[in-house]
Amino acid sequence: MSAPASKDRSGASVAAPARGTSEYLILGATLPDGSTTDLLLRDGVIAATGAEATSARDSGVSTIDATGLVVLPGLVDLHTHLREPGREDAETVWSGTRAAALGGFTCVHAMANTQPVADTAGVVEQVWRLGRDAGWVDVRPVGAVTVGLGGERLAELGAMADSAATVRVFSDDGVCVDDPVLMRRALEYVKAFDGVIAQHAQEPRLTSGAVMNEGVVSAELGLTGWPAVAEESIIARDVLLAEHVGSRVHICHLSTAGSVDIVRWAKARGIQVTAEVTPHHLLLTDEAVRGYDPQFKVNPPLRTAQDVLAVRQGLADGTIDIVATDHAPHPSEDKDCEFDVAAFGMTGLETALSVVIESMVLADDVEFGWEDVARTMSSAPAAIGRVHDQGRPVAVGEPAHLTLVDPGSRWPVVPRELLTASDNTPFAGRELPGRVVATFYGGRATVLDATPIPIEGLA
Amino acid sequence: MTSGTPARSATERVVLDSSDIARALTRIAHEIIERNNGSAGLVLLGIPTRGADLARRLGERVLQADGRDDPAETLVGTLDITLHRDDLRRHPVRPIEPTTIPASGIDDKVVVLVDDVLFSGRTVRAALDAISDVGRPRAIQLAVLVDRGHRELPIRADYVGKNLPTAAAEHVRVRLAEVDGVDEVAIGRSTGEES
Amino acid sequence: MRHLLSAKDLSREEAVAILDTAATMAATQQREIKKLPPLRGKTVVNLFFEDSTRTRISFEAAAKRLSADVINFSAKGSSVSKGESLKDTAQTLQAMGADGVIIRHPASGAPFRLATSGWIDTPVINAGDGKHQHPTQALLDAYTMRRNLRGDDAIGSDLGGVRVLVVGDVLHSRVARSNVDLLHTLGATVTLVSPPTLLPVGVERWPCAVSYDLDGAIAQGADAIMMLRVQRERMSAAGGGFFPSPQEYSRKFGLDRNRLAALGPDALVMHPGPMNRGLEISAEAADSAQAVILEQVTNGVAVRMAVLYMLLGGSEGATGGTA
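Per-chain numbering applies: the sequence of each chain, read as written, is numbered from 1 onward. Chains carry letters from A onward and ligands carry numbers from 1 onward, assigned in written order. Selection of residues for local features in this predicted model requires a pLDDT of at least 70, selection of side-chain atom pairs for listing and counting requires 80 or more, and totals for whole chains, interfaces and linings are taken over all residues. Values reported for side chains reflect all heavy atoms of the structure, with hydrogen atoms and water molecules removed beforehand.

## Observations concerning the overall build of chain A
- Summing up its helical and strand segments, chain A has 12 helices and 19 strands in all.
- Its C-alpha atoms give chain A principal-axis dimensions of about 65 × 50 × 40 Å.
- By the burial criterion, 62% of the 459 residues in chain A qualify as buried.
- Across chain A, the fraction of contacts at a sequence separation of at least 24, relative to all contacts at a separation of at least 6, is 75%.
- Summed over all atoms, the accessible surface of chain A reaches about 15600 Å², with 49% contributed by carbon and sulfur.
- Positive charges are assigned to Lys and Arg, negative charges to Asp and Glu, while His and the chain termini are left out of the count. By convention, the point assigned to a charge is CZ for Arg, NZ for Lys, CD for Glu and CG for Asp. Once the 35 positive and 62 negative side-chain charges of chain A are each reduced to a mean point, those two points are 3 Å apart. Each helix is a run of H or I in the DSSP string that is no shorter than four residues. Each strand is a run of E no shorter than two, and both are numbered from the N terminus. Three labels apply to residues, based on accessible area from a 1.4 Å probe with only protein chains included: buried if under 20% of the type maximum, exposed if over 50%, partly exposed otherwise in between. Should any heavy atoms of two residues lie within 4.5 Å, those residues are counted as being in contact. Exposure was quantified through the Shrake-Rupley algorithm and a 1.4 Å probe, taking into account, for residues, occlusion by the shown protein chains and nothing else.

Pasting the structure below:
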């Protein structure tokens, strides 16, 4: 377990604290509600705030000047592909979670489409242990819904739930559970342990051979289109199934205006549905595909400007509950080729918060503040994943999972400089706002001065 | 001297005016007839752009002097040499000019190539290649309005309007009414352009 | 013009310049000696990832008439199913000294990738990519129309006012896309005629009209009708189930005797080939006096000579001078 050397940050001057330091005093941080406070982190929890925290100033703790920085509860990603086991050439648990920490995350849900598939207690426990040993974030494995993602019979969901990994989120992400009976059974079955099915909504027959959004651009480029209805029809079916059997269902990477409408309707009807949107669907449109650059090939595909506006509004008004990265690293040979044969997916852990700031917080056409960032990127995903000690308020006695972000700084996205082991970011060459300055996971600084801090002895 | 034209730079000096050019062409036309014992079996091929115009003028004079009243097209054509140039890959792509050959063809004819200025001889070499793609003349002769010297190939003109000693750094500008609105030949300090 | 990737990239002036150059090239092909010297010493690679003997031979003839050396590389069905091979193959050919690459590829955008990814630095000519573009086909179609409809006044002219019907499987057709773009640029008005299943979503934004009714479109008048090839397998469920039967397709969208008569004797009958006689075009129409289908093939060589000359005939990276 080590990071690929080529992706190591070199030459950065690190003002690392003394090894073993476990107490931090954060001075003058701005809370999501806009107030400022000092925070004392001790023994893995927020030990004090306000004047009480300030009084620890001269007791020898490491202090961090957080003037102008926003403190958020540690970010929680419900949708991360860490690729291990099986595709360690694209990412490992270690490299992916280190990237996550730098992106401000303290918890990620590792998707099940590994090789072998995470469809048994053994595999999910392996991933969970890799995450625990790496120590960058809390790694919560997602279990496959069906054996081998084959869509034919249920995986042992109960065994995964009862394992050391305590799996609560199940998904065949990458493929849709398109058999309605199987989907119904899965929705019913996970009620026994308060689980949730996270559906990759894609009607397979309508998307055979599809590589980009079906519309004006695909017509011109001659690329096979992925129609919005292929997503919307599955979402419509699944919210009705969830209503029928009284289960909760989560919609992965919702991407179309129609999907927003369906989820809004379902919520109004009282159906237990939650939904996520990816950062890239908040910012990019199918116009980006015009250069046939596979860095813009993703599933579901980048949609139209109207869709982008609809998902941004949906996120702002709460119809869409969370932002999830769908971080999908791929080795360069899977992208340096023709569009048709390239792999689907984009990295996202290190750019997610910045893209949300760019597309939501700084945008004039939607109302979205730092409390909304905290809700959609921390507390709501933790609640959906039933991760009880994450996504908590920034308050005394709460676990010290925190992220400090500098909203005023802008940074250029350079693929080789990102910590993920793969280079397939669609934001290369852009300058994004909001740099994560520090991340605390259980009171330990995993990132300081925008630089990852390995656990002692694990460098 | 002709009055100044907008195209002429201040450092230019006119060496042939319109009447000089007219006289030179008339003389060349008579030389062609004399040397070839008349105009039967002759074809005049002008190299675009200005060579083509000179060829037409020469053709009209040849027909007149030889007492013929058939149209100029029976005697005169144009020959594009672009595709045969030896400096194609040193320049941006050059547009191709039309090649028009009199209906009787050039096989076993005497072809008189016509151009405005004879300089390095490379244009004429390309023209010789271009002619061999079109047919096999009995003989090829060369008529130019101006021979400015500085040959780089073993090529010599059969008919010359005026021998014009020049320095290599000078440029020779032939202007014709058909293209430039005025008939004149001028010499100027070179701006690096080849004439 | 450094590459020829899409008919959409051509301005009216560039397109007319190519047609004019093609006319000059065509004239040289009437001579006994057809070979011209401008690409002497240059090597052109025919990189074909998809079978197309016609197009390959047409490009090969064009390149050889201009004295280029031609390397044919057919990669269909070999290990080239994974995209990395496109990069490796192209770089290999460039390492062997290719001065220009003519590429046919089943993936839309592959020529664009080749030209813009920094893999190689030679000019790239798109000889048909997936469902995207086939610009030299559109140019030879436009050349054929101009020559037949404009006659002696063709040089320098465009196709302003010409009415063209393009009939058939637009959805899968790079020929249709290229023709709509180029004909529009040249001032022609285009009507696509197709069953709705064989039109792409988004076609409403193309610079053309769309009709589902061939008889109605013919009744409006046309100077040329271009029949697109329809693959029989498209009707099966596995092929997408785009139409119920070849018979029904032929009845509603085939160019038969009655429709040929309705077109009138002056309308050009065109087809990019290869034809499915009896499906999209009747033998009577294909063999009629107004059919210019074989002339399209002939003109293809002249148009490709023009394109090769204009992309490779000058100095490396030099542009301009196309007018």
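## Concerning the overall build of chain B
- Each helix and strand counted, chain B has four helices and eight strands in total.
- N-terminal to C-terminal, the α/β element order of chain B is β-α-β-α-β-β-α-β-β-β-α-β.
- Viewed in the frame of its principal axes, chain B has a C-alpha envelope of about 45 × 40 × 25 Å.
- Within the span of chain B, comprising 195 residues, buried residues form 51% of the whole.
- Excluding contacts between residues fewer than 6 apart, the proportion of contacts in chain B whose partners are at least 24 apart in sequence is 67%.
- Counting only carbon and sulfur atoms, one obtains 48% of the accessible surface of chain B, whose full area is about 9100 Å².
- Computing the positive centroid from 26 side-chain charges and the negative centroid from 31, chain B places the two 5 Å apart.

## Regarding the domain arrangement of chain A
Residues and elements named next belong to chain A.
- If you check the domain split of chain A, you get domain 1 (5-71 + 397-452) and domain 2 (74-384).
- An automatic or database domain assignment supplies the residue ranges for each domain. One C-alpha centre belongs to domain 1, the other to domain 2; they are set 26 Å apart.
- Contact residues are listed per partner, giving 39 residues for domain 1 and 42 residues for domain 2.
- Between domain 1 and domain 2 the total buried area reaches about 3200 Å² when both faces are included, carbon and sulfur atoms providing 61% of it. A quick way to say it: buried area is the sum, across both parts, of accessible area lost when two parts are put together, with a 1.4 Å probe.

## Details of the sheet that holds strand β6 (residues 75-80) of chain A
Residues and elements named next belong to chain A.
- Two strands form a pair only when DSSP identifies at least two bridges running between them. Taking strand neighbours across the sheet as the criterion, the three strands line up as β6-β7-β8 in an open arrangement whose pairing is parallel. Each end of this open sheet is capped by a strand with a single partner; those strands are β6 and β8 (138-141). Sheet twist, expressed as the mean angle between neighbouring strand axes with direction ignored, is 20°.
- Relative to β8, strand β7 (residues 105-110) runs parallel, the two being bridged by four bridges. Bridge assignment links Ala110 to a residue of β8, and that residue is Pro141.
- Note on geometry: axes are C-alpha line fits, over the in-contact stretch for helices, and angles between N-to-C directions span 0 to 180 degrees. This element, helix α3 (residues 121-134), spans β7 and β8 of the sheet and lies at about 170° to β8.

## Description of helix α2 (residues 50-65) of chain B
Residues and elements named next belong to chain B.
- Taking 1.5 Å per residue as the helical rise, α2 with its 16 residues ought to reach 22 Å, and the 22 Å between its terminal C-alpha atoms agrees with that figure.
- Of all the residues in α2, the buried ones are Gly51, Ala52, Asp53, Leu54, Ala55, Arg57, Leu58, Gly59, Val62 and Leu63.
- Buried-residue contacts for α2 involve α1 (18-35), β2 (42-46), β3 (76-78), β4 (110-118), β5 (139-147) and α4 (177-180).
- Gly67 occupies a position one or two residues after α2 and carries a positive phi of about 70°. Here, expected helix span is obtained from the residue count minus one, scaled by 1.5 Å.

## Quick word on the interface of chain A and chain C
- At the interface, 22 residues of chain A touch 25 residues of chain C.
- Taken over both partners, the interface formed by chain A and chain C buries close to 1900 Å², and the fraction arising from carbon and sulfur atoms is 52%.
- By the criterion of area lost to chain C, the three top residues of chain A are Tyr292, Asp336 and Glu338 of chain A, representing 31% of everything that side buries.
- One speaks of a salt bridge when a side-chain nitrogen belonging to Lys or Arg is within 4 Å of a carboxyl oxygen belonging to Asp or Glu. Linking chain A to chain C there are three salt bridges.
- Linking Glu220 of chain A and Lys8 of chain C is a salt bridge whose minimum nitrogen-to-oxygen distance equals 3.6 Å.
- Residue composition of the side of chain A that touches chain C, grouped by class: eight nonpolar, four polar and 10 charged. In the scheme used here, Gly and all other residues not listed as nonpolar or charged are polar, with Ala, Val, Leu, Ile, Met, Phe, Trp, Tyr, Cys and Pro taken as nonpolar and Asp, Glu, Lys and Arg as charged.

## Thoughts on unusual backbone geometry
Residue and element names in this part refer to chain A.
- A cis amide bond links Gln115 to the next residue, Pro116, at an omega of 0°.
- Within the secondary structure, Pro116 is located in the loop between β7 and α3.
- Following Asn299, the chain continues to Pro300 via a peptide bond in cis, the omega torsion being -5°.
- Its location among the elements puts Pro300 in the loop between α9 (279-283) and α10 (305-316).
- Here His253, not a glycine, exhibits a phi torsion of approximately 25°, which is positive.
- Within the secondary structure, His253 sits in the loop between β13 (249-251) and α8 (257-268).
- A residue is classified by how much of its surface remains accessible, and His253, at 2% relative accessible area, is buried.

## Digging into the pairing of strand β17 (residues 431-441) of chain A
Residues and elements named next belong to chain A.
- Most of β17 sits inside the fold, with eight of its 11 residues counted as buried.
- Bridge count for strand β16 (residues 402-412) against β17 is eight bridges, and the pairing is antiparallel. Pairing of Leu404 across the sheet is with Ala438, part of β17.
- With three bridges connecting them, β17 and strand β18 (residues 444-448) associate as antiparallel partners. Counterpart to Thr439 in the pairing with β18 is Val447.
- What sits between the antiparallel neighbours β17 and β18 is a turn of two residues, in which Gly442 has the positive phi angle 60°.

## Remarks on the environment of Leu418 of chain A
Residues and elements named next belong to chain A.
- Relative to the elements of secondary structure, Leu418 occurs in the loop between β16 and β17.
- Accessibility expressed as a relative area gives 5% for Leu418, which makes it buried.
- With 315 residues separating them in the primary sequence, Leu418 and Gly103 have C-alpha atoms 9.9 Å apart.

## Side note on the side chain of Thr256 of chain A
Residue and element names in this part refer to chain A.
- You can see Thr256 is positioned in the loop between β13 and α8.
- The buried category is assigned to Thr256, whose relative accessible area is 0%.
- At 2.8 Å, the side chain of Thr256 and the side chain of Ser259 are in polar contact.
- Ignoring sequence-local partners within four residues, the contact set of Thr256 consists of Ala228, Glu231, Glu232, Arg303, Asp307 and Val311. Between N or O atoms, a polar contact is any pair within 3.5 Å; within protein, one atom must be a potential hydrogen donor and the other a potential acceptor, and residues adjacent in sequence are included only when both atoms are from side chains.

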